Amino acid sequence: LEEMVIAARGRAVILVNPSLSDRPSSNNMMQIRGRAERRAFADSFQDFYALRLLYPSSGGYMFPISGMIAKLDYHSPWVAYNKEQDDKGREVYRIL
């Protein structure tokens, strides 16, 4: 990823659903070697839009969805939404 950013030569690099955290590997290279550098590089990115679904903490499954949090740009605060049903039974998200 760092090589791609360098090749972009100052242009914006957009990551969709990035997972920049450490991942175990068979030869242990991604766990220890260069961890501080990888974390510093990952921290150099800014969220300009993010949406994360929220699930009840009572189960290990990702259903049912109970709400979401969203950030519309890097200047905006995170906003929490609660999932509800309107009077016609449709799913709606209301700001908490």
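From a predicted model like this one, the values you see are computed outputs, not experimental measurements.

Participant: Would you explain the environment of V79 in this entry?
Facilitator: Tracing the backbone through its elements, the reader meets V79 in strand β3 (residues 79–85). Taking the C-alpha atoms as reference points, V79 and I95, 16 residues apart in sequence, are found 7.1 Å from one another. Residues contacting V79, with those up to four places away along its chain left out, are M68, I69, A70 and I95.

Participant: In this structure, what is going on with the side chain of D86? I would like to understand it.
Facilitator: Mapped onto the elements, D86 comes out in the loop between β3 and β4 (91–95). One polar contact links the side chain of D86 to the main-chain amide nitrogen of K88, over a distance of 3.0 Å. Apart from the residues lying within four places of it in its own chain, the contact partners of D86 are V92 and R94.

Participant: Help me out: how do you make sense of the side chain of K71 in this one?
Facilitator: Looking at the element boundaries, K71 is found in strand β2 (residues 67–71). Discounting chain neighbours no more than four positions away, the residues touching K71 are D47, F48, Y49, A50, S76, P77 and W78.

Participant: When you look at the pairing of β2 in this model, what are you seeing that I'm missing?
Facilitator: Two faces, one strand: in a regular strand the side chains alternate between the faces of the sheet. The buried fraction of β2 amounts to 4 of the 5 residues, a majority that puts the element mostly inside the structure. Looking at chain direction, strand β1 (residues 50–54) and β2 are connected through 5 bridges and run antiparallel. The residue bridging R52 from the neighbouring strand is I69, located in β2. Where β2 lies against β3, 4 bridges are found, and the strand directions are antiparallel. For I69, the partnering residue across the bridge sits in β3 and is A80.

Participant: Please clarify how the packing of aromatic side chains should be interpreted in this entry.
Facilitator: For any pair of aromatic rings, the description consists of the separation of the ring centres together with the inter-plane angle of the planes. Summed over all chains, the structure comprises 1 aromatic pair. Ring geometry for F41 and F45: centres 5.4 Å apart, planes at 90°, overall edge-to-face. Taking the relative accessible area as the measure of exposure, F45 reaches 25% and is therefore partly exposed.

Participant: Any chance you could explain unusual backbone geometry here in plain terms?
Facilitator: Even without glycine at this site, R9 takes up a positive phi of about 50°. Among the residues examined, R9 registers a relative accessible area of 74% and is labelled exposed.

Participant: Where do I start with the sheet that holds β2 in this structure?
Facilitator: Each strand in a sheet pairs with its neighbour through backbone hydrogen bonds, running either in the same direction (parallel) or in the opposite one (antiparallel). Spatial ordering of the open sheet is given by β1-β2-β3-β4, a layout of 4 strands whose pairing is antiparallel. Two strands close off the open sheet at either side, each with one partner strand: β1 and β4. Ignoring which end each strand starts from, the neighbouring axes of this sheet average 30° apart.

Here is what the cut-offs are and how they apply
Residues numbered from 1 in each chain as written. Predicted model: local features only at pLDDT ≥ 70, side-chain atom pairs only at ≥ 80, totals over all residues. Heavy atoms only, no water. Helix = DSSP H or I, 4+ residues; strand = E, 2+ residues; numbered from the N terminus. Contact = heavy atoms within 4.5 Å. Polar contact = N/O pair within 3.5 Å; in protein donor to acceptor, adjacent residues only side chain to side chain. Buried < 20%, exposed > 50% of the residue type's maximum accessible area, 1.4 Å probe, protein only. Pairing = 2+ DSSP bridges. Phe/Tyr/Trp six-rings, centres within 6.5 Å; stacked < 30°, edge-to-face > 60°. Axes fitted to C-alpha atoms, helices over the stretch in contact; angles between N-to-C directions.

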